[in-house]
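Single-letter residue listing:
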Amino acid sequence: MTTPDERLAPHKPRINLAEFAPDAYKAMIRLDASVRRGIDPTLAELIKICASQINHCAFCLDMHTKDALAAGETVERIVQLSAWEESKHFYTAKEVAALELTEAITVLTDGFVPDEVYARAAEVFDEAELAHVIAAITVINAWNRFGVASRGVPGEYRPAQR
């Protein structure tokens, strides 16, 4: 096991977007807050972790895994997220549909969200819930772009800092 003294130094952040683009940053916070009011908090954190894994946003992964754990999520379910398709038995039907939709919206490799993915989500969410899930996926993807572009440094976040 490595000790803190053996670890590499953290990278330096590039830019503080909250400082230099405060209106955009505040707008993102308001957008994020509006989405949170319409979605189950556990599901929201799973979506945020899943998208952040895909986008390789270490800062967001640090934040949302800590928030999920503080909210009572289990380590086991968080660890299994990167392989959710093979670990579906850890999640509810709604969570699986949201994770599948998260991957489809985040990656967009075919340029669209497949009809069958959308249909599976529409089967388990009512229209208002589905709209909030889509909004939550969109918001975390935007935050991931902020985090990756600015090179936010993971490791120092403490839950309830926001």
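Residues numbered from 1 in each chain as written. Predicted model: local features only at pLDDT ≥ 70, side-chain atom pairs only at ≥ 80, totals over all residues. Heavy atoms only, no water.

Going by the annotation in an unreviewed UniProt entry, the name recorded for the protein chain is Carboxymuconolactone decarboxylase family protein, with Amycolatopsis panacis given as the source organism.

So, about the packing of aromatic side chains. Applying the stated criterion across every chain, the model contains three aromatic pairs. Seen in terms of ring centroids, Y25 and W143 are 5.3 Å apart; in terms of plane orientation they differ by 75°. Their pairing is edge-to-face. With Y25 in helix α2 (residues 22–36) and W143 in helix α8 (residues 127–150), the pair connects residues that are 118 residues apart, well separated along the chain. For Y25, a relative accessible area of 27% gives the class partly exposed. For W143, a relative accessible area of 15% gives the class buried. Here the aromatic residues Y25, W143 and F146 are joined through ring pairs into a cluster of three or more. (Phe/Tyr/Trp six-rings, centres within 6.5 Å; stacked < 30°, edge-to-face > 60°. Helix = DSSP H or I, 4+ residues; strand = E, 2+ residues; numbered from the N terminus. Buried < 20%, exposed > 50% of the residue type's maximum accessible area, 1.4 Å probe, protein only.)

I39, L43, I47, L101, F125 and V133 are the most contacted members of the largest nonpolar core, which has 24 residues in total. For this core, the secondary-structure elements that each account for two or more residues are α2, α3 (41–55), α6 (93–107), α7 (115–124) and α8. A per-element tally of this core places α8 first, with seven residues. Non-local contacts of F125, meaning those with residues more than four positions away in its chain, are made with L43, K94, A97, A98, L130 and V133. In this structure, I49, I78, Y91 and V96 belong to the second largest nonpolar core, which totals 10 residues. (Core = buried A, V, L, I, M, F, W, Y, C linked by side-chain atoms within 4.5 Å. Contact = heavy atoms within 4.5 Å.)

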